[in-house]
Amino acid sequence: MASALVWFRRDLRLADNPALQAALDAELAPIPVYLHAPHEEAPWEPGAASCAWLAKSLAVLSQDLASRGSRLVVRRCDSSLDALLQLQVETGAEAVFWNRLYEPALIARDSEIKSALRGQGVRADSFGAALLREPWEVETGQGEPYRVFTPFWKKLSAELGSVSVSDAPKRLPSVPDGIEGLDVSRGDPLELVPSPRWDKGFWERFEPGEAGADKQLKAFLDSAVSGYAEDRDFPAETGTSRLSPYLHFGEISPRQALATIQSAGLDADGDAKAFVRELGWREFSHHLLYHFPKSAEANFNSRMDPFEWAAPEKDKLEAWQRGRTGIPIVDAGMRELWATGWMHNRVRMIVASLLTKNLRYHWRHGADWFWDTLVDADLANNTQGWQWTAGTGADAAPYFRIFNPVTQAERFDPNGDYIRRWVPELAGLTGKALYAPWTAVDALRRMAPGYPSAPIVDLKHSREAALAAYQQSRVALAEKDT
Ligand SMILES: Cc1cc2nc3c(=O)[nH]c(=O)nc-3n(C[C@H](O)[C@H](O)[C@H](O)COP(=O)(O)OP(=O)(O)OC[C@H]3O[C@@H](n4cnc5c(N)ncnc54)[C@H](O)[C@@H]3O)c2cc1C
């Protein structure tokens, strides 16, 4: 039987996988391949937490393929193009199929690979698998990309209709023995697993792989989806799906999530709709990154370019990273991130506001830390999340909207459960002292002598300084405009 290489990247699933399906539809025996070439993603090579996740996800994919009679051929390589050409010669494959990625470096690499393969007479086709719509398929009436979420989502969601997805194949043809690869189902041949094992806490919360993604979606639809529109802002609750790493690695697709919602008859339900709208933000982030590829490095809104960011002080940046700012809700979030590789969205906004507004550090400092520590680190979503909070993004919260972390915590963690869980040394404090322990220094010293007795930055003064700096940048801009 003639064969096709199916090049897996961040589509680590067998169901609703258009590249795999294309091989089967063309009656070509799929030869599943994974190529490890992180330098090709520079400057955004996967961070440490992403690598830890990837190791587990590849092991699961490899077992899932083996249980169907196939095998994942894993190779470490200097050049994905060379590795594909080599594999094509070894296997005699007639075609190479893959699902698209949207980061600028990978679009450039994949385009080059497509032309080179076609130039050698090998069929090379790519497919959309990570999004509900390809970024170029959604455009304004003037044929432009969108810069504002609401009309973007109105247009996209109106076109969705009923979604159907393919099941995972039950059996797959075997891969010839002579085709060598690394065994990722045992050991760690790609050296992705951290040492020492600081990732252990991640796996109490997450089970990487397609089956884990399925379970996570089902658990969410069985319980947390009811009330999602309200509860999604309360970090002590399991009020959101926690599907973000699975979506990032393509262990589940947004189409699958939507198809499951539709077949459960939930598509008209307000809570499920609110959830699908969040998938819409993911679409919007990818739309922006695709159309404005420089936005991962530079302000999306160039009118913020004159803004003077402060030079980071090492000890303050480290205090933020390690959850030692002295501001309980911020410390709780940063510790949740460190322990589990994930942080609740509301708390992401609070910690990002403190960094970019009260400390006035450039959003890239925060984006870089998240990049290394999040299991769902995703260039499109992370860039958009940071630029949105920093006030530099498309359709962003304006810079002058500065979160007060104390009132945010009082509102969204009203019983203090989230703070107590992640900053247990403060568990004995109550009322205002729990949210702003510097207002009750005696109690703090008695109960949590190791916890900072003052925040790393005075919230009131830093807010005023940030607003003054913002005002100054507007004056500078106005002078430039005239
Ligand atoms: C500063 C900052 C950085 C962020 N970095 C990332 C990141 O690197 N990777 C990432 O996936 N998300 C990021 N987000 C967005 C959001 O916080 C996470 O997607 C969400 O918390 C994941 O939890 P969930 O799966 O339970 O979300 P749910 O509420 O269940 O939402 C379902 C899915 O929708 C998508 N989604 C939800 N909110 C957003 C959003 N605001 N923007 C884009 N997509 C969204 C995610 O894929 C998510 O899994 C960031 C947000 C901020 C404020």
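Residues numbered from 1 in each chain as written. Predicted model: local features only at pLDDT ≥ 70, side-chain atom pairs only at ≥ 80, totals over all residues. Heavy atoms only, no water.

Asks: Hey, could you run me through the nonpolar core in this one?
Replies: Soluble globular proteins tend to bury their nonpolar side chains together. One finds Trp320 and Phe370 to be the most contacted residues of the largest nonpolar core, which totals 133 residues. Apart from residues lying up to four places away in sequence, Phe370 is in contact with Trp320, Met334, Leu337, Met343, Arg348, Val351, Ala377, Asn382 and Trp386. The next biggest cluster of nonpolar side chains, apart from the first, holds 21 residues, and it includes Leu35, Leu84, Ile113 and Val175. (Core = buried A, V, L, I, M, F, W, Y, C linked by side-chain atoms within 4.5 Å. Buried < 20%, exposed > 50% of the residue type's maximum accessible area, 1.4 Å probe, protein only. Contact = heavy atoms within 4.5 Å.)

Asks: Looking at this structure, how should I read the packing of helix α11 (residues 270–291) against helix α16 (residues 379–390)?
Replies: Direction vectors running N to C along α11 and α16 enclose 95 degrees, while the axes themselves pass 8 Å from each other. One element, α11, and the other, α16, form an angle in the roughly perpendicular class. For the pair α11 and α16, contact is made by Trp281, Arg282, Ser285, His286, Leu288 and Leu289 and by Leu379, Ala380, Asn381, Gln384 and Trp388, respectively. Classifying every residue of the contact of α11 with α16 by side-chain character gives 6 nonpolar, 4 polar and 1 charged. (Axes fitted to C-alpha atoms, helices over the stretch in contact; angles between N-to-C directions. Helix = DSSP H or I, 4+ residues; strand = E, 2+ residues; numbered from the N terminus. Parallel < 35°, antiparallel > 145°, perpendicular 65-115°, else oblique. Nonpolar A, V, L, I, M, F, W, Y, C, P; charged D, E, K, R; others polar.)

Asks: Would you mind going over the site of the ligand with me for this structure?
Replies: The environment of the ligand is formed by 30 residues, the closest being Tyr228, Thr240, Ser241, Arg242 and Asn345. Note that a nitrogen atom of the ligand is positioned 3.4 Å from one of the backbone N or O atoms of Arg282. Within the backbone of Asp376, a nitrogen or oxygen atom sits 2.8 Å from a nitrogen atom of the ligand. Considering the ligand on its own, with 820 Å² of exposed area, one finds that the protein chains cover 96% of that surface. Among the cavities detected, the one that contains the ligand is the largest pocket. At the level of secondary structure, the elements contributing two or more residues to the shell around the ligand comprise α9 (244–248), α11, α14 (345–358) and α16. (Near = heavy atom within 4 Å. Polar contact = N/O pair within 3.5 Å; in protein donor to acceptor, adjacent residues only side chain to side chain. Areas by Shrake-Rupley, 256 points an atom, 1.4 Å probe, with all protein chains shown as cover. 1 Å grid on protein atoms, 1.4 Å probe; cavity = no way out; pocket = protein on both sides within 12 Å on 5 of 7 lines; lining within 4 Å. Sits in = over half its atoms within 2 Å of the grid points.)

Asks: So what exactly am I meant to see when it comes to the packing of helix α13 (residues 328–340) against α14 here?
Replies: Between two packed helices, both the angle of their axes relative to each other and the distance between the axes serve to describe the pair. Where α13 meets α14, the closest approach of the two axes is 9 Å, and the angle between their N-to-C directions is 115 degrees. Taken together, α13 and α14 sit at an angle that is classed as roughly perpendicular. For the crossing formed where α13 meets α14, the hand is left-handed. Counting all contacts with α13, which are made through Ile329, Val330, Gly333 and Met334, the residues of α14 involved are Val347, Ile350, Val351 and Leu354. (Left-handed = near helix turned anticlockwise from the far one by under 90°.)

Asks: I keep staring at the layout of surface pockets and nothing clicks. Help me out?
Replies: The gaps of empty space that remain are located by a probe, the size of a water molecule, rolled over the atoms. One number sums up the size of the largest pocket: a volume of about 970 Å³. The wall of the largest pocket is formed by 35 residues, among which Arg232, Glu278, Asn345, Arg348 and Asn381 lie closest to the centre. Counting residues per element, the ones that place at least two in the lining of the largest pocket are α9, α11, α14 and α16. Ranked by the residues each element gives to the lining of the largest pocket, the list is headed by α16, at 7 residues. (Points joined across faces, edges and corners; volume = space filled by probe spheres on them.)

Asks: Explanation requested: the pairing of strand β3 (residues 73–76) in the structure shown.
Replies: Bridge analysis of strand β2 (residues 29–36) against β3 gives 4 bridges, and the strand direction is parallel. Across the sheet, the residue bridging to Leu35 is Arg75, located in β3. After leaving β2, the chain enters helix α2 (residues 48–66) and then returns to the sheet as β3, a path that is right-handed. (Pairing = 2+ DSSP bridges. Right-handed = clockwise from strand over helix to strand, strands pointing away.)

Asks: What should I look at first to understand the packing of aromatic side chains in this one?
Replies: Working definition: an aromatic ring pair is given by the centre-to-centre distance plus the angle between the planes. Going through the model one piece at a time under the given rule, you end up with 32 aromatic pairs. Ring geometry for Trp136 versus Tyr290: centroids 5.3 Å apart, planes at 50 degrees, classification tilted. Placement of the pair is Trp136 in the loop between β5 (123–127) and α5 (149–158) and Tyr290 in helix α11, with a sequence separation of 154 residues. Using a relative accessible area of 36% as the deciding quantity, one classes Trp136 as partly exposed. With a relative accessible area of 28%, Tyr290 lands in the partly exposed category. Plain terms: the ring middles of Tyr399 and Tyr470 are 5.5 Å apart, the flat faces sit at 25 degrees to each other, and that makes the pair stacked. A residue pair is termed long-range when its members are at least 10 positions apart, and Tyr399 in the loop between α16 and α17 (405–412) and Tyr470 in helix α21 (residues 459–481) qualify at 71 residues. Across the pair, exposure class does not vary: Tyr399 and Tyr470 are buried alike. The side chain of Arg348 reaches across the aromatic face of Trp342, ending 5.8 Å from its centre. In this structure, Lys357 packs its charged tip against the face of Tyr399, placed 5.2 Å from the ring centre. (Phe/Tyr/Trp six-rings, centres within 6.5 Å; stacked < 30°, edge-to-face > 60°. Lys NZ or Arg CZ within 6 Å of the ring centre and 35° of its normal.)

Asks: Is there a simple way to explain the pattern of salt bridges in this structure?
Replies: Side chains that differ in sign of charge can pair as their charged atoms come close. Counting across every chain of the model gives 28 salt bridges. Here Glu134 ties to Arg100 by a salt bridge, and the two come within 2.7 Å at their closest N and O atoms. Remark: Arg100 occurs in the loop between β4 (95–99) and α4 (104–119) and Glu134 occurs in the loop between β5 and α5; sequence separation between them is 34 residues. Linking Asp110 and Arg109 is a salt bridge whose minimum nitrogen-to-oxygen distance equals 3.0 Å. Grouping residues by exposure puts Asp110 and Arg109 together as buried. (Salt bridge = Lys/Arg side-chain N within 4 Å of Asp/Glu carboxyl O.)

What is shown is where atoms sit, not what they do.
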